[in-house]
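Structural description and commentary
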Amino acid sequence: MLLAQNAKALASVGYMDTRFGRYGHEHTDFSLRFLRAGFGGVRVLWNGEMHNRFYLMDSGIELKEAKSSGQKADLERNANLLTALEKEPIYRSAWNNEEEKRDFLQEFGAGFFEMEAPPLAGTVFNADSYLSLNPDISHSGWDGFAHYIEHGLRENRKF
């Protein structure tokens, strides 16, 4: 399965949950959180039960059987975790503890200073407004959001 989302959807949902560990259901949780946030499909109440209906596209890709390295115990543990996480907020951070945070930031380098206080947390980035406030960027042909992430944030540009 391929999950394609936009920046607004990713800002609403966050990251894949690291508590799933090695095998099973981490993609299910990620997809269901998009659905709960109103992206990628609808939730339908039918005969007293909630059903998830995803928007799908036929890609023409043929699936073939493949060997799995997953273990039944991992799958069962993650199935239980999936059920427990249904009651948690939709957004997930990139880490769940200080050790994971250190590893994440170390892997991605010093450029991720904004993870301490994400600059767009709780807001929707308006690219049209950004380009209006920054005509030099508008005239350059840059995509507004891409410019803000790559340069505007560090230049303290308004959006």
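What comes next concerns the included structure.

Rules of the game
- The numbering scheme is per chain: residues are counted from 1 as the chain's sequence reads.
- Totals for whole chains, interfaces and linings use every residue, but because this is a predicted model, local features are given only for residues with pLDDT of at least 70 and side-chain atom pairs only at 80 or more, for both listing and counting.
- No hydrogens and no water enter the side-chain calculation; it runs on all heavy atoms of the structure.
- A run of H or I in DSSP becomes a helix once it reaches four residues, and a run of E becomes a strand once it reaches two; helices and strands are each numbered from the N terminus.
- N or O atoms within 3.5 Å of each other form a polar contact, as long as, within protein, one can give a hydrogen and the other can take it, and as long as residues adjacent in sequence are counted only when both atoms are side-chain atoms.
- Should any heavy atoms of two residues lie within 4.5 Å, those residues are counted as being in contact.
- Put simply, a salt bridge is a Lys or Arg side-chain nitrogen that is within 4 Å of an Asp or Glu carboxyl oxygen.
- Relative accessible area decides the class of each residue, using a 1.4 Å probe on protein chains only: under 20% of the type maximum gives buried, over 50% gives exposed, and in between gives partly exposed.
- A pair of Phe, Tyr and Trp rings is counted when the ring centres sit within 6.5 Å of each other, with Trp represented by its six-membered ring. The angle between the planes then sorts it: under 30 degrees is stacked, over 60 is edge-to-face, the rest tilted.
- Here a helix's expected span is defined as the number of its residues, less one, multiplied by 1.5 Å.
- Directions are taken from the helix axis to each C-beta atom, and the arc is the one they span.
- For two strands to pair, DSSP has to find at least two bridges joining them.
- Any residue with relative accessible area above 30% and no salt bridge may belong to a patch, with like charges joined within 9 Å and the nonpolar Val, Leu, Ile, Met, Phe, Trp and Tyr side chains within 5 Å.
- The protein chains shown are the only cover counted for residues, whose accessible areas, like all others here, come from Shrake-Rupley with a 1.4 Å probe.
- Angles here are taken between N-to-C directions and fall from 0 to 180 degrees, while the axes themselves are lines fitted to C-alpha atoms, restricted in helices to the stretch in contact.
- Here roughly perpendicular refers to angles of 65 to 115 degrees, roughly parallel to angles under 35, roughly antiparallel to angles over 145, and oblique to all remaining angles.
- Here a crossing is called left-handed whenever its near helix is offset anticlockwise from the far helix by less than a right angle, and right-handed whenever the offset is clockwise.
- Charged residues are taken to be Asp, Glu, Lys and Arg, nonpolar residues to be Ala, Val, Leu, Ile, Met, Phe, Trp, Tyr, Cys and Pro, and polar residues to be all remaining types, Gly included.

1. Things to note about the side chain of Arg92
Assignment of secondary structure puts Arg92 in the loop between helix 3 (72-85) and helix 4 (98-108). Polar contacts involving the side chain of Arg92 include one to the main-chain carbonyl oxygen of Ile90, which spans 3.4 Å. Not counting residues up to four positions away in its chain, the partners in contact with Arg92 are Val13, Gly14, Tyr15, Asp17, Arg19, Asp29, Arg33 and Leu85.

2. Quick notes on the pattern of salt bridges
Within the structure shown, the criterion is met by nine salt bridges. A salt bridge links Glu76 to Lys72, with the shortest nitrogen-to-oxygen separation between them at 3.8 Å. Placement of the pair is Glu76 and Lys72 together in helix 3, with a separation of four residues, close to one helical turn. Exposure remark for Glu76: the relative accessible area of 44% places this residue in the partly exposed category. A relative accessible area of 63% places Lys72 in the exposed class. One connected set of salt bridges, linked through shared partners, spans Asp17, Arg19, Asp29, Arg33, Glu88 and Arg92.

3. Describing the packing of aromatic side chains
Pairs of aromatic rings are described using the distance from one ring centre to the other and the angle between the two planes. Taken as a whole and judged by the stated rule, the model has five aromatic pairs. Relative to Phe159, the ring of Tyr148 has its centre 5.2 Å away and its plane inclined at 65°; by these criteria the two rings are edge-to-face. On the criterion of sequence distance, the pair formed by Tyr148 in helix 7 (residues 144-152) and Phe159 in the segment after helix 7 is long-range, its members being 11 residues apart. An aromatic cluster of at least three residues, connected via ring pairs, comprises Tyr15, Trp95 and Phe104.

4. Remarks on helix 3
The terminal C-alpha atoms of helix 3, which comprises 14 residues, lie 20 Å apart, in line with the 20 Å expected from a rise of 1.5 Å per residue. Considered for burial, the residues of helix 3 that qualify are Asn78, Leu81, Leu82 and Leu85. Buried residues of helix 3, seen end-on, are gathered within an arc of 105° and therefore sit on one face of the element. Away from its buried face, by an angle of more than 90 degrees, helix 3 presents the exposed residues Lys72, Ala73 and Asn80. Of the surrounding secondary structure, the elements contacted by the buried residues of helix 3 are helix 2 (26-36).

5. Quick look at the pairing of strand 2 (residues 49-54)
The pairing of strand 1 (residues 41-46) with strand 2 spans six bridges and is classified as antiparallel. Considered in strand 2, the bridge of Leu45 is made with Met50. Counted between consecutive antiparallel strands, the loop separating strand 1 from strand 2 contains two residues, among which Asn47 sits at a positive phi close to 50°.

6. Some thoughts on a nonpolar patch on the surface
A cluster of nonpolar side chains, namely Val42, Val44, Trp46 and Tyr55, defines an oily patch on the protein surface of about 410 Å² accessible area. Position of Val42 relative to the elements: it lies in strand 1.

7. Observations regarding the packing of helix 2 against helix 3
Between helix 2 and helix 3, the shortest axis-to-axis distance is 10 Å and the interhelical angle comes to 20°. Between helix 2 and helix 3, the angle falls in the class roughly parallel. The chirality of how helix 2 crosses helix 3 is right-handed. On helix 3, the residues touching Glu26, Thr28, Asp29 and Arg36 of helix 2 are Asn78, Leu82 and Leu85. Residues that form the contact of helix 2 with helix 3 fall into these classes: two nonpolar, two polar and three charged.

Shape descriptors only; they carry no functional weight alone.
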